[in-house]
Amino acid sequence: MQYTIKLPNLHATKEFAKLISQSINPNFVITLKGDLGAGKTTLVREVLYHLGVVGSVKSPTYILVEPYIVNDIQINHFDLYRFNDPDEWIESGFDEYFSSNCICFIEWPEKADSYLPQVDWKLQITVDDETRSIEINSQSDKGRECLMQLTKIAAR
Ligand SMILES: Nc1ncnc2c1ncn2[C@@H]1O[C@H](COP(=O)(O)OP(=O)(O)OP(=O)(O)O)[C@@H](O)[C@H]1O
Ligand SMILES: [Mg+2]
């Protein structure tokens, strides 16, 4: 299943982040693709706030992964931009970050190549001035169910 939406400004992106937070639940993996500055971190940050993360949500560009725990849910926000080789996925022990109680967001998933775990949503952001176009493709049964949930809430 595929869903696309145009977000004309930052406010619209924040509103859409709320929809995402209401549509997903633990045991979920989202990859985010898009150019540098497309808005991957901005979107994840807003989703995390809606999931209940308080305080600052920094871009994990230099540390590769930023973990959070909120309401007994583990949230892991990856940014693999600085991977020089996909093998760093194994060297960093990143498989250990995936469990049934966890929601994972992965920026620059292409850097991990075939090491990536099963993904539920592939999300792509394209930029046109201030407007962001977002395309979500579900990759699993659960991903499809959650995307249907998102379209239902969006139609309200
Ligand atoms: N409609 C919009 N939605 C989201 N961000 C927007 C929008 N319009 C402008 N922006 C700006 O675009 C920038 C996106 O930066 P961000 O760090 O989120 O990108 P990124 O995709 O994570 O980049 P990187 O690949 O470097 O991690 C922010 O400065 C944000 O304010
Ligand atoms: Mg980023």
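See the structure shown above.
Residues numbered from 1 in each chain as written. Chains lettered and ligands numbered in written order. Predicted model: local features only at pLDDT ≥ 70, side-chain atom pairs only at ≥ 80, totals over all residues. Heavy atoms only, no water.

## Re the overall build of the chain
Moving on, step 1. Along its length, the chain carries four helices and seven strands.
Moving on, step 2. Moving toward the C terminus, one meets the helices and strands of the chain in the order β-α-β-α-β-β-α-β-β-β-α.
Moving on, step 3. Expected size for 156 residues packed as a compact globule is a radius of gyration near 15 Å; at 15 Å, the chain falls within 12% of this value.
Moving on, step 4. Projected onto its principal axes, the C-alpha positions of the chain cover 45 × 35 × 35 Å.
Moving on, step 5. A fraction of 63% describes how many contacts in the chain between residues 6 or more apart in sequence connect residues 24 or more apart.
Moving on, step 6. Entry remark: accessible area of the chain is about 8200 Å², with carbon and sulfur atoms responsible for 45%. (Helix = DSSP H or I, 4+ residues; strand = E, 2+ residues; numbered from the N terminus. Rg over C-alpha atoms; globule rule 2.2 N^0.38 Å. Contact = heavy atoms within 4.5 Å. Areas by Shrake-Rupley, 256 points an atom, 1.4 Å probe, with all protein chains shown as cover.)

## Observations regarding unusual backbone geometry
Moving on, step 1. Despite not being glycine, leucine 64 has its phi angle at roughly 75 degrees, a positive value.
Moving on, step 2. Of note, leucine 64 is situated in the loop between helix H2 (40–51) and strand E3 (65–70).
Moving on, step 3. Given a relative accessible area of 17%, leucine 64 falls into the buried group.
Moving on, step 4. In this structure, tryptophan 108 takes a positive phi of about 55 degrees despite not being glycine.
Moving on, step 5. Taking the relative accessible area as the measure of exposure, tryptophan 108 reaches 14% and is therefore buried. (Buried < 20%, exposed > 50% of the residue type's maximum accessible area, 1.4 Å probe, protein only.)

## A closer look at the coordination of the magnesium ion (ligand 2)
Moving on, step 1. In this structure, Thr41 (OG1) and Glu107 (OE) serve as the protein donors to the magnesium ion (ligand 2), at separations of 2.0 to 2.2 Å. Taken together, the positions of threonine 41 in helix H2 and glutamate 107 in strand E5 (residues 102–107) put the pair 66 residues apart, joining distant regions of the chain. For the pair formed by threonine 41 and glutamate 107, the shared burial category is buried. (Donors = N, O, S within 2.8 Å, 3.2 Å for Na, K, Ca; no water.)

## Digging into the site of ligand 1
Moving on, step 1. Taken together, the neighbourhood of ligand 1 is formed by 17 residues, with Thr13, Gly37, Lys40, Thr41 and Thr42 sitting nearest.
Moving on, step 2. Contact between ligand 1 and threonine 42: an oxygen atom at 2.5 Å from a side-chain N or O atom of the residue.
Moving on, step 3. Side-chain polar atom of tryptophan 108 to an oxygen atom of ligand 1: 3.0 Å apart, as the coordinates give it.
Moving on, step 4. Looking at the shell around ligand 1, the elements that each hand over two or more residues are helix H1 (10–23) and H2.
Moving on, step 5. Per-element tally for the shell around ligand 1: the top contributor is H2, with three residues.
Moving on, step 6. Taken together, the residues of the shell around ligand 1 break down into five nonpolar, six polar and six charged. (Near = heavy atom within 4 Å. Polar contact = N/O pair within 3.5 Å; in protein donor to acceptor, adjacent residues only side chain to side chain. Nonpolar A, V, L, I, M, F, W, Y, C, P; charged D, E, K, R; others polar.)

## As for H1
Moving on, step 1. For H1, with 14 residues, the first-to-last C-alpha span of 20 Å sits near the 20 Å given by 1.5 Å per residue.
Moving on, step 2. Within H1 the residues assigned to the buried category are Ala12, Thr13, Phe16, Ala17, Leu19, Ile20, Ser21 and Ser23.
Moving on, step 3. Along its buried surface, H1 packs onto strand E1 (2–7), strand E2 (28–33), H2, strand E6 (121–128), strand E7 (131–138) and helix H4 (141–154).
Moving on, step 4. Its side-chain oxygen 3.2 Å from the backbone nitrogen of histidine 11, asparagine 9 forms the N-cap of H1. (Expected span 1.5 Å × (residues − 1).)

## Comments concerning the pairing of E3
Moving on, step 1. Sheet topology places E3 next to strand E4 (residues 73–79); six bridges connect them, and they run antiparallel. Opposite glutamate 66, over in E4, you have histidine 77 as the bridge partner. (Pairing = 2+ DSSP bridges.)

## Focus on the nonpolar core
Moving on, step 1. Grouped together as the largest cluster of nonpolar side chains are 33 residues, with contacts concentrated most on Phe16, Ile20, Phe105 and Trp121.
Moving on, step 2. The next biggest cluster of nonpolar side chains, apart from the first, holds 15 residues, and it includes Leu64, Val65, Phe98 and Cys102. (Core = buried A, V, L, I, M, F, W, Y, C linked by side-chain atoms within 4.5 Å.)

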